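# Residue-level structural notes
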Amino acid sequence: MNRSILVLATVAGLAAALPAAAQFAKPEDAVKYRKAAFTVMASHFGRVAAMANGRVAFDAKVAADNAEIATMMSKLPFAGFIEGTDKGDTKAKPEIWTEQDKFKAAASKMQDAMEKLNVAAKAGNVDTLKTAAGAVGQACKGCHDSYRKE
Ligand code: ASC
């Protein structure tokens, strides 16, 4: 096989194997993508958190539906933190790129907490949901404190 065709086939194969990895034409697109993903995640988590902390009456179906979406969304934003996206319309701190391991660990911690929230919401137990929502909130805050500018 022609070498460039082989390379193309390999690239296409890799792209197909990574459906969750977003691809961006420009750095600004990656910034927009991750901000949009965080916004949608926060909106749906917020609905669950409002029930967990008693601001809104608990509704098991609403909690489960929103926790599911928040959990799904939690997987998306980090694909947008690619090289060259530390500038422009972003509050991302440079430490994200200088402490990649720590940043990834913080991201995983949030994703794990979100998975637990999803399980708790599906079980429909408000007490478990409270604990799980608290852990998600802590994970969000931890990352903001370390990696988001004011
Ligand atoms: C939320 C939300 C966040 C976190 C954070 C927790 O509901 O939108 O960013 O919780 O406020 O401290």
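Up top is the structure these notes are about.
Summarised in this report is the structure supplied together with it.

## Re the packing of aromatic side chains
On inspection of all chains with the given rule, the structure shows eight aromatic pairs. Their ring planes at 50° and their centres at 6.2 Å tell us that phenylalanine 81 and tryptophan 97 sit as a pair that is tilted. On the criterion of sequence distance, the pair formed by phenylalanine 81 in the loop between helix H3 (60-73) and helix H4 (95-98) and tryptophan 97 in helix H4 is long-range, its members being 16 residues apart. For the pair phenylalanine 81 and tryptophan 97, a shared accessibility class is recorded, and that class is buried. An angle of 65° between the planes, with centres 5.0 Å apart, marks the rings of phenylalanine 81 and phenylalanine 103 as edge-to-face. Residue phenylalanine 81 is located in the loop between H3 and H4, and its partner phenylalanine 103 is located in helix H5 (residues 100-123); the two are separated by 22 residues in the primary sequence. Comparing phenylalanine 81 with phenylalanine 103 shows no difference in burial state: the two are buried. An aromatic cluster of at least three residues, connected via ring pairs, comprises Phe38, Phe78, Phe81, Trp97, Phe103 and Tyr147. Seen from the ring of phenylalanine 81, arginine 34 lies directly overhead, with NZ or CZ sitting 4.3 Å from the centre.

## With respect to the packing of H3 against H5
Look at H3 against H5: their axes get within 8 Å of each other, and the N-to-C directions meet at 160°. Relative to H5, the element H3 lies roughly antiparallel. Between H3 and H5 the crossing geometry is left-handed. Contacts between H3 and H5 pair Ala60, Ala63, Ala64, Ala67, Glu68, Ala70 and Thr71 from the former with Met114, Glu115, Leu117, Asn118, Ala121 and Lys122 from the latter. When the residues that make up the contact of H3 with H5 are grouped by side-chain class, the tally is eight nonpolar, two polar and three charged.

## Considerations on the site of the ligand
Neighbouring the ligand are the residues Ala42, Phe45, Gly137, Cys140, Lys141 and His144. Here the ligand, which alone exposes 310 Å², has 57% of that area covered by the protein. Among the secondary structure elements, those contributing two or more residues to the shell around the ligand are helix H2 (27-52) and helix H6 (126-147). In terms of residue count, the dominant contributor to the shell around the ligand is H6 (four residues). Considered class by class, the residues forming the shell around the ligand number three nonpolar, two polar and one charged.

## Points about H6
Its 22 residues place the ends of H6 31 Å apart at the C-alpha level, agreeing with the 32 Å of an ideal helix rising 1.5 Å per residue. Those residues of H6 lying buried are Leu129, Ala132, Ala133, Val136, Ala139, Cys143 and Tyr147. The buried residues of H6 occupy an angular sector of 120° when projected down its axis, which confines them to one face. What points out from H6, more than 90 degrees from its buried face, is the exposed set Asp127, Thr131 and Gln138. Summarising the contacts, the buried residues of H6 are in contact with H2, H3, H4 and H5. A side-chain oxygen of the first residue of H6 lies 2.9 Å from the backbone nitrogen of aspartate 127; this N-cap is asparagine 125.

The rules behind these values
- Residues numbered from 1 in each chain as written.
- Predicted model: local features only at pLDDT ≥ 70, side-chain atom pairs only at ≥ 80, totals over all residues.
- Heavy atoms only, no water.
- Phe/Tyr/Trp six-rings, centres within 6.5 Å; stacked < 30°, edge-to-face > 60°.
- Helix = DSSP H or I, 4+ residues; strand = E, 2+ residues; numbered from the N terminus.
- Buried < 20%, exposed > 50% of the residue type's maximum accessible area, 1.4 Å probe, protein only.
- Lys NZ or Arg CZ within 6 Å of the ring centre and 35° of its normal.
- Axes fitted to C-alpha atoms, helices over the stretch in contact; angles between N-to-C directions.
- Parallel < 35°, antiparallel > 145°, perpendicular 65-115°, else oblique.
- Left-handed = near helix turned anticlockwise from the far one by under 90°.
- Contact = heavy atoms within 4.5 Å.
- Nonpolar A, V, L, I, M, F, W, Y, C, P; charged D, E, K, R; others polar.
- Near = heavy atom within 4 Å.
- Areas by Shrake-Rupley, 256 points an atom, 1.4 Å probe, with all protein chains shown as cover.
- Expected span 1.5 Å × (residues − 1).
- Arc of directions from axis to C-beta.
- Polar contact = N/O pair within 3.5 Å; in protein donor to acceptor, adjacent residues only side chain to side chain.

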